[in-house]
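For reference, the chains in residue letters:
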Amino acid sequence: MIILAGTVALEDMGVKILGFSLGREDVFEPDEGPDWGPEEEMLTSRRVEAGELERPYAATEMGLIYVNPEGPGGNPDPLGSAQEIRVAFARMGMNDEETVALIAGGHSFGKCHGAGPPDYLGPDPSSSPIEQQGLGWRYNYGSGKGPDTYTSGFEVVWSPTPTKFGIHYLRLLLEYEWELTKSPAGKYQWVAKDAPEIVPDPFDPNKRRKPTMLTTDLALKYDPVYSKIARKFLENPEEFERAFARAWFKLTHRDMGPKVCYVGPYVPKETFVWQDPLPDRDFDLIEEEDVEHLKKVVLRKGLSIRQLVYTAWSSASTYRDSDRRGGANGARIRLYPMNQWEVNHPEDLKRIISVYEGVQREFNDEQERRGSKKRISIADLIVLGGCAAIEEAARRAGLDVKVPFTPGRVDANQDQVEVEFYKAIEPFADGFRNYFKYPERIREDDVYTTPEYFLVDKAQLLTVTVPEMVVLIGGLRVLGATYRYEDLGVLTENPEALTNDFFVNLLDMKYEWRPADSYRYVFNGFDRRSGELKWRASRVDLIIGHHDELRAVAEVYACDDAKEKFVKDFIAAWNKVMNLDRFDIRMKR
Ligand code: HEM
């Protein structure tokens, strides 16, 4: 309803809307999942380090959705503001052109509200007296509404026609010089110098105002790249309108996942690259006997268990539930830029993919010769290789198990990758693969600098529960599927066998852990009796023994009689992650 109402309002104000999909769900309890970064005090930022917004955050300041409208940290600096906007919008998947279209289009309408001093503003709705029934913030200045409204504290109307879509915002922005001033609430904003009073007062038909802007609006005038786009739009109003309609559709649909998740009669026919599009499957699915055959073939190709598992995990764990993007389907991991992500082992990945391509060729050619329409995709082979390796690793641990596999993935091509977006979200931390790029930034009194913090974020994006997270880490470590295949966290004498050794050795009091570097990222485990150095582990590994909730799970898996349960639970969690993006199957159901 919220998105539909906004879209209908835009249509009413003259925008040629591209379409609309139903299908969003309501949550009925607080969603504490999204990681906004450090949030302690309103309108402060602990996310900006040396002028750069820390990764992976998008909003710069607590309580603001994009960036501070006054400028960075409240400093009215349009160029600095442009830098903030560029980073924030890129992490939301918007390029420069989309950003200019959105801001210039969005601020064709409406106004900012800051009629008077902020001291008259009451407490937030949930801290207000109960008789107010949660109906917003009370502003005790004048009537508190209409001309006396306070929301953001700015008092800006951007356009002389604020109920119509159009080019006025851009015209005024680029035509006038702007003078720094303050709103009645004391916030920095800008007024057009030497401009006539052309903006109608929203409440008094006899009054007019000078055009006004926010520092973030001026960013579009003073940043050289933004201003070039703004000028192009001003000279080509139809192009501007089209760009805004497209960017609006993207803004309001980009977290719905691939197009198969769209519902209703207004879904546009066009497919967009930000939907992580996939080609239609034009072949038959492989069957059980093919699966078994292909597993054997893959295992004979000379790739190690750790390589097969690491690659499958790397592919599937690109999924993020926050916008339902990524995942194993499409095998985008073999395409730019994910094939260059440091955590994906670019060189090794290239070799592994070429092995898979060989297997694919052999299998598909054979099917063709037989007149069969069955084919296997690289996306499926990557996952299947992981499944085969896990079965083999379980065999080495004395267990005969089957890892579920659901075929039907297809391979995307390079045109179907939104390159800028995937460049912007390259991971710098992944506790599942024991990867952390910034050990030198760790400060133990600031959890937001630690890899264990980003592990929880990653687990959240993969929708895995606490026990699933712990069992996955324990399994991936003994399988040797760690960054650069290092021994970090591989707490077993017998790597590539699916044993519960990680938990047994982590919890064994025989070993004493001591920091191995000044950052306290890597730790050494010594045999208390002999003093012999036995293991290396990261903070992510040790947190499992340290944190009481995680330790409780680890204790279950460390038990002597839990070997089978460990393997079963690991496989169940693995299978969940491999299929997180299988909307093709879920939506059909
Ligand atoms: C750098 C990014 C942006 C900043 C800093 C920003 C800031 C603001 C602020 C401070 C207000 C005033 C709120 C109030 O006082 O009630 C506002 C209003 C508004 N913004 Fe933005 N905005 C941004 C981007 C956008 C985008 C992308 C859109 C839509 C595509 C948009 C559409 C609007 C509209 C329609 C209003 C008027 C609301 C009303 O009349 O009550 N803005 N914006």
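Above this note sits the structure.
Residues numbered from 1 in each chain as written. Predicted model: local features only at pLDDT ≥ 70, side-chain atom pairs only at ≥ 80, totals over all residues.

Draft legend 1. Main features of the overall build of the protein chain. The helix and strand inventory of the protein chain stands at 19 helices and 12 strands. Against the compact-globule benchmark of 25 Å for 589 residues, the protein chain has a radius of gyration of 28 Å, which places it among compact chains. In terms of overall dimensions, the protein chain has a C-alpha envelope of 85 × 65 × 45 Å along the principal axes. Expressed as a percentage of its 589 residues, the buried residues of the protein chain come to 41%. Across the protein chain, the fraction of contacts at a sequence separation of at least 24, relative to all contacts at a separation of at least 6, is 66%. (Helix = DSSP H or I, 4+ residues; strand = E, 2+ residues; numbered from the N terminus. Rg over C-alpha atoms; globule rule 2.2 N^0.38 Å. Buried ≥ 20, exposed ≤ 12 C-beta atoms within 10 Å, placed from the backbone. Contact = placed C-beta atoms within 7 Å.)

Draft legend 2. Broad picture of the site of the ligand. Taken together, 20 residues sit near the ligand, with Gly-106, Gly-110, Cys-112, Thr-151 and Ser-152 positioned nearest. Counting residues per element, the shell around the ligand draws most heavily on helix α3 (residues 96–106), at four residues. (Near = placed C-beta within 6 Å.)

Draft legend 3. Representation of the pairing of strand β11 (residues 522–527). Relative to β11, strand β10 (residues 511–515) is paired through five bridges, and the arrangement is antiparallel. Paired with Arg-514 across the bridge in β11 is Asn-524. Here β10 folds back onto β11 in antiparallel fashion, the turn holding six residues, of which Arg-520 has a positive phi close to 60 degrees. With five bridges connecting them, β11 and strand β12 (residues 533–538) associate as antiparallel partners. Across the sheet, the residue bridging to Val-522 is Ser-538, located in β12. Counting the residues in the hairpin turn of β11 and β12 gives five residues, including Gly-531, whose phi is positive at 75 degrees. (Pairing = 2+ DSSP bridges.)

Draft legend 4. Quick look at the sheet that holds β12. Read from one edge of the open sheet, three strands run β10-β11-β12, paired in antiparallel fashion. Edge positions in the open sheet fall to β10 and β12, since each of these has one partner strand only. The sheet shows a mean angle of 30 degrees between the axes of neighbouring strands, taken without regard to direction. Contacts from helix α16 (residues 539–546) reach β10, β11 and β12 within the one sheet, and its direction differs from that of β12 by about 95 degrees. (Axes fitted to C-alpha atoms, helices over the stretch in contact; angles between N-to-C directions.)

Draft legend 5. Representation of the environment of Arg-231 in the model. For Arg-231, the position within the fold is in helix α6 (residues 224–235). Residue class for Arg-231 comes out partly exposed when judged on the 13 C-beta atoms lying within 10 Å of it.

Draft legend 6. Structural context of the environment of Glu-241. As for its position among the elements, Glu-241 is in helix α7 (residues 237–253). According to the C-beta neighbour criterion, Glu-241 is partly exposed, with 19 such atoms within 10 Å. Distance from Glu-241 to Gly-166, taken between C-alpha atoms, is 7.9 Å for residues 75 residues apart in sequence. Once you skip the residues sitting within four places of it in the chain, Glu-241 turns out to touch Val-15, Lys-16 and Phe-165.

Draft legend 7. Expanded view of the packing of α16 against helix α17 (residues 548–558). Contact geometry of α16 with α17 gives a least axis separation of 5 Å together with a crossing angle of 85 degrees. Classified by the interaxial angle, the pair formed by α16 and α17 is roughly perpendicular. Where α16 approaches α17, its residues Ile-543, Ile-544, Gly-545 and His-546 are matched on the opposing element by Leu-550, Arg-551 and Ala-554. Residue composition of the contact of α16 with α17, grouped by class: four nonpolar, two polar and one charged. (Parallel < 35°, antiparallel > 145°, perpendicular 65-115°, else oblique. Nonpolar A, V, L, I, M, F, W, Y, C, P; charged D, E, K, R; others polar.)

Draft legend 8. Spotlight on the sheet that holds strand β7 (residues 212–213). With respect to topology, three strands assemble into an open sheet ordered β3-β4-β7, the strand pairing being antiparallel. Edge strands, defined here as strands with exactly one partner in the open sheet, are β3 (178–182) and β7. As judged from the two bridges shared by strand β4 (residues 188–192) and β7, these two strands associate in the antiparallel manner. Pairing of Val-191 across the sheet is with Thr-212, part of β7.

Draft legend 9. Fine view of helix α13 (residues 451–461). Among all positions in α13, only Pro-451, Glu-452, Phe-454, Leu-455, Lys-458 and Leu-461 are buried. All buried residues of α13 project into a common sector of 165 degrees when viewed along the axis, lining one side. Where α13 is buried, its residues contact β8 (429–430), β9 (435–436), β12 and α16. One or two steps after α13, the chain reaches Thr-463, where phi turns positive at roughly 60 degrees. (Arc of directions from axis to C-beta.)

Draft legend 10. Expanded view of the nonpolar core. In terms of nonpolar packing, the biggest core is built from 89 residues, with Val-309, Ile-390, Leu-472 and Leu-498 touching the most fellow members. Counting residues per element, this core draws most heavily on helix α11 (residues 378–396), at 12 residues. Shared between two domains, this core holds at least three residues of each, these being domain 2 (288–424) and domain 3 (429–558). Residues within four places of Val-309 in sequence aside, it is in contact with Gly-386, Ala-389, Ile-390, Leu-476, Leu-479 and Ala-481. Formed by 48 residues, the second largest nonpolar core is a distinct cluster that contains Val-100, Cys-112, Trp-190 and Phe-249. (Core = buried A, V, L, I, M, F, W, Y, C linked by C-beta atoms within 7 Å. Domains from an automatic or database assignment.)

That's the geometry; what it means functionally is another story.
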